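Commentary on secondary and tertiary structure
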Amino acid sequence: MGTALVYHEDMTEARLLWEDPECEIESPERLTTTLERLQQRGLEQRCLRLAAREASEAELGLVHSPEYVALLRGTQALGTRELQALSRQYDAIYFHPSTFHCARLAAGAGLQLVDAVLTGAVHNGLALVRPPGHHSQRAAANGFCVFNNVALAAKHAQEKHGLHRILIVDWDVHHGQGIQYTFEDDPSILYFSWHRYEHGRFWPYLRESSAYTVGQGQGRGFTVNLPWNQVGMGNADYVAAFLHVLLPVAFEFDPELVLVAAGFDSAIGDPEGQMQATPECFAHLTQLLQVLAGGRVCAVLEGGYYLESLSQSVCMMVQALLGDPAPPLSGPMVPHHSALESIQSVRAAQAPHWTSLQQEGPVPVPSPSNHSPEWRPATLLPGGSEFKTAATQAAAALSSLLDQLYLQPTPPVRTAVALTSLGAGLVLPPDVLCEERSAPQEETQTWARLHEALAKEEALTALGKVLYLLDAIMDGKVSSGLAATPALAAAATLDVAIRRGLAQGAQRLLCVAVGQLDRPSDLVDDGRNLWLNIRGKEAAALSTFHVSVPLPATTGGFLSCVLALVLPLAYGFQPDLVLLALGPAHGLRDPQAALLAALLRVPAGGRVLALVGAESSAQLAGVLARALCGEAPPGLGPFSAASPEDTRALVDLRGRLEPQWKMLQVAARV
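Values in this document were obtained by computation on a predicted structure and should not be read as measured data.

Take the overall build of the protein chain next. Within the protein chain, the regular secondary structure consists of 20 helices and 17 strands. For 670 residues, the compact-globule estimate of 2.2 N^0.38 gives 26 Å, and the protein chain sits close to it at 25 Å. Taken across its 670 residues, the protein chain has 65% of its residues classed as buried. Nonlocal contacts in the protein chain, meaning residues at least 24 apart in sequence, comprise 78% of its contacts between residues at least 6 apart. On the protein chain, roughly 23600 Å² of surface is accessible, and the fraction owed to carbon and sulfur atoms is 51%. In the protein chain, the 46 positive side-chain charges and the 66 negative ones have mean positions that sit 2 Å from each other.

Take unusual backbone geometry next. The linkage connecting Arg-130 with the following residue, Pro-131, adopts the cis geometry, with an omega of 0 degrees. Here the bond from Trp-203 into Pro-204 is cis, since omega is 10 degrees, no more than 30 degrees from zero. For Pro-204, the position within the fold is in the loop between strand E5 (189-196) and strand E6 (223-228). The phi angle at Tyr-205 is positive, at roughly 60 degrees, despite the residue not being glycine. With respect to the helices and strands, Tyr-205 occurs in the loop between E5 and E6. Phi at Gln-274 is positive, roughly 55 degrees, even though this residue is not glycine. Residue class for Gln-274 comes out buried when judged on its relative accessible area of 18%.

Let us now look at the packing of helix H1 (residues 29-40) against helix H10 (residues 307-322). Following both chains from N to C, one finds H1 and H10 inclined at 50 degrees, their axes separated by 9 Å at the closest point. Relative to H10, H1 is oriented oblique. Between H1 and H10 lies a crossing of right-handed hand. Of H10, the residues touching H1 (which contributes Glu-29, Arg-30, Thr-33, Thr-34, Arg-37 and Leu-38) are Leu-307, Glu-308, Leu-310, Ser-311, Gln-312, Val-314, Cys-315 and Val-318. In terms of residue class, the contact of H1 with H10 is made up of six nonpolar, four polar and four charged.

Attention shifts here to the packing of helix H8 (residues 235-253) against helix H9 (residues 279-289). Contact pair H8 / H9: the axes reach a minimum separation of 10 Å and the direction vectors enclose 10 degrees. In terms of their interaxial angle, H8 and H9 are classed as roughly parallel. In this structure, the crossing between H8 and H9 has a hand that is right-handed. From H8, Asn-235, Tyr-238, Phe-242, Leu-246 and Leu-247 reach across to H9, where they touch Glu-280, Cys-281, Phe-282, Leu-285, Leu-288 and Leu-289. Partitioned by chemical class, the residues of the contact of H8 with H9 number nine nonpolar, one polar and one charged.

Below, the discussion takes up the side chain of Thr-3. Locating Thr-3 in the fold gives a position in strand E1 (residues 3-7). Looking at Thr-3, the relative accessible area reads 4%, which means it is buried. Side chain to side chain, Thr-3 and Asn-124 meet in a polar contact 2.6 Å long. Those residues in contact with Thr-3 that lie beyond four places of it in its chain are Cys-47, Leu-48, Val-122, Asn-124, Gly-125, Leu-321 and Leu-322.

Our next topic: the sheet that holds strand E16 (residues 577-582). The pairing of strands in a sheet happens through backbone hydrogen bonds and is either parallel or antiparallel. Across the sheet, nine strands lie side by side as E10-E9-E11-E17-E16-E12-E13-E15-E14; this open sheet has mixed pairing. Strands at the two margins of the open sheet, each flanked by one partner only, are strand E10 (433-434) and strand E14 (540-543). Together, strand E9 (413-418), strand E12 (509-514), strand E13 (529-534), E16 and strand E17 (608-613) form the strand contacts of helix H18 (residues 590-601), whose direction differs from that of E16 by roughly 170 degrees.

This next bit is on the side chain of Ser-209. With respect to the helices and strands, the residue Ser-209 is situated in the loop between E5 and E6. When sequence neighbours within four positions are dropped, the list of residues in contact with Ser-209 reads His-175, His-195, Tyr-197, Asn-225 and Pro-227.

With that settled, consider the packing of aromatic side chains. Within the structure shown, the criterion is met by 19 aromatic pairs. Aromatic pair Trp-228 and Tyr-238: ring centres 6.0 Å apart, planes at 20 degrees, arrangement stacked. Here Tyr-238 lies in helix H8 and Trp-228 lies in strand E6, a separation of 10 residues in the sequence. Residues Trp-228 and Tyr-238 agree in their burial class; the two are buried. Aromatic ring contacts, followed pair by pair, group Trp-171, Phe-192, Trp-194, Trp-228, Tyr-238, Phe-242, Phe-264 and Phe-282 into a single cluster.

With 191 residues, the main nonpolar core has Phe-147 and Trp-171 as its most contacted residues. Judged by nonpolar contacts, the second largest core, of 27 residues, contains Leu-502, Ala-506, Trp-531 and Leu-577.

A separate point is the sheet that holds E5. Strands sit in the order E2-E1-E3-E8-E7-E4-E5-E6 across an open sheet of eight strands; the sheet is parallel. Two strands close off the open sheet at either side, each with one partner strand: strand E2 (48-51) and E6. Pairs of neighbouring strands in the sheet enclose a mean axial angle of 15 degrees, with direction left out of account. Summarising the sheet, strand E3 (residues 124-127) and strand E8 (residues 297-301) pair through three bridges and their orientation is parallel. Each bridged residue has a counterpart across the sheet, and for Leu-126 the counterpart in E8 is Ala-299. The strands touched by H10 within the sheet are E1, E3, strand E7 (257-262) and E8, with E3 carrying the most contacts at an inclination of about 160 degrees.

What follows concerns the confidence of the model for the protein chain. Taken over all residues, the pLDDT of the protein chain has a mean of 93, while the share at 70 or more is 93%. Below pLDDT 50 for its whole length, residues 369-383 participates in 37 contacts with residues either more than four positions away or in separate chains.

Rules used in this analysis
Residues numbered from 1 in each chain as written. Predicted model: local features only at pLDDT ≥ 70, side-chain atom pairs only at ≥ 80, totals over all residues. Heavy atoms only, no water. Helix = DSSP H or I, 4+ residues; strand = E, 2+ residues; numbered from the N terminus. Rg over C-alpha atoms; globule rule 2.2 N^0.38 Å. Buried < 20%, exposed > 50% of the residue type's maximum accessible area, 1.4 Å probe, protein only. Contact = heavy atoms within 4.5 Å. Areas by Shrake-Rupley, 256 points an atom, 1.4 Å probe, with all protein chains shown as cover. Lys, Arg positive; Asp, Glu negative; His and termini not counted. Charge placed at Lys NZ, Arg CZ, Asp CG, Glu CD. Axes fitted to C-alpha atoms, helices over the stretch in contact; angles between N-to-C directions. Parallel < 35°, antiparallel > 145°, perpendicular 65-115°, else oblique. Left-handed = near helix turned anticlockwise from the far one by under 90°. Nonpolar A, V, L, I, M, F, W, Y, C, P; charged D, E, K, R; others polar. Polar contact = N/O pair within 3.5 Å; in protein donor to acceptor, adjacent residues only side chain to side chain. Pairing = 2+ DSSP bridges. Phe/Tyr/Trp six-rings, centres within 6.5 Å; stacked < 30°, edge-to-face > 60°. Core = buried A, V, L, I, M, F, W, Y, C linked by side-chain atoms within 4.5 Å. pLDDT = per-residue confidence, 0-100.

Put into structure tokens, the structure is as follows:
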């Protein structure tokens, strides 16, 4: 199994036949440039290539009226003037004699991808399509969209495959009102959309795009709108929206399938969005979604009109789908004030419907912002000087980013393990390297002299393997590693690993210690290392870089701890190495350990070294190795709310840390 790429060259046939500055950005080059970039990066060759098929008219009828389908069928025989006249009847639409064929291919590509994923032919995939679909409604084309590709894919998954819980994530910069209208009363579809809104003064100018539209009837709470009221939102804002809104709700919903309406007009340089998120951010967002639904993620291209940014962002998403580690995010991880207002608003609107949003204390209803603009920025048209200036700035930013990425190539080995003590019951993915080598004996012995617990042969042997894996990660030969250590030497081995990582050039080392593992007393609190202990005796912020929290007893409590504390700290710290140590009495169930490893892998750019006890089960080691290798962790089981004690402890701890760690914020401060 792998990643599918669904495409058909016929989808480039439709193009604008008359002058229309609004519509000319939706061009065939959106697909050809993106496909060329995928080929140049060697990504297309790593995917299972599927030729898109046309959706049947019966399949189109899952969302669209027969009359509308017939109208579109008739466009094949129309001349240019008739096509132009018909196009004027809709908002931001153009028709071409090939539109019906192209749109059926776009819709069929989504259905084909869903079939491939749900039958187990592939893990995940991307449908590279045009025209886009998320604005299209039952009987109306809208906003370049003809048939609603993602809505059709969701209906198909329900009808053909019998799914009962589907998450749709729409990260296009425009609100996908067509998807929302289709499912607004359906509790089996959770629809999340962020979009440029500006208090209703940005297209499509709908009140129902606001945070306070939550669905209708039985579907109340299953429409989650996060409106951006300013332009310029960037990586920190997008990640904060996932950590504090989407992921808590998504884990509680527990989807069987994730569909992504993957619009890249929300990326840097796009004239429609005017946002600042860089392409690698979409790798992070994709990997954060891959821990849901057993990794069954189907992405369908929506918008994206600045070709350089579009093609680079699609490449980043495909790399993530293939399991490659996400490059570290660039720029400061501090959400904008306006973004925090939006997050606060949507949490307040959704809290009555989701226990996971109630667990972090009462959600205040925000007052109207004084920070939001009273003007609506004009869309940058491709021929204008402002567009050219913005494109030049974006090109410079992308060039700088690509230079950084080329300096940090993907390591040749994704995951290496040193687990000989765990015996024959260990089952590992085929591409995991079983490492037998150790650091030089003299070097290992020098480090071992720091601790009496490392004097025994078993501990010394394990330390040599840990040091070898650590060096391989720091040298870029291996992305992540997993090693076993004797229980009595766990704390000593972790101490040496921290010191070795810092000595080998780690600028920011995050240590997540789970269980009975105390922070080394002489570890310098200089901002280069962040120590986070889970299963501490009490919630405590002993310093900015020394945090302790008890291990919550419930599924909901554990998720709140990870999403509202661990990951915001990790993203705020921006580590270039993570040590995940499961010490004595760590108390994690196998799925919890795997989820923690999978999520820590994302902000660290894949550079995670996990340490487990030599007495650990082969099953635990196996799920950790698979998670570090990019596979989806097993599900946590039924959602259960956090205890009041755990909730109070987490809220208090976050309150003490928020002034230093801005990614913890879920509300705008006055």
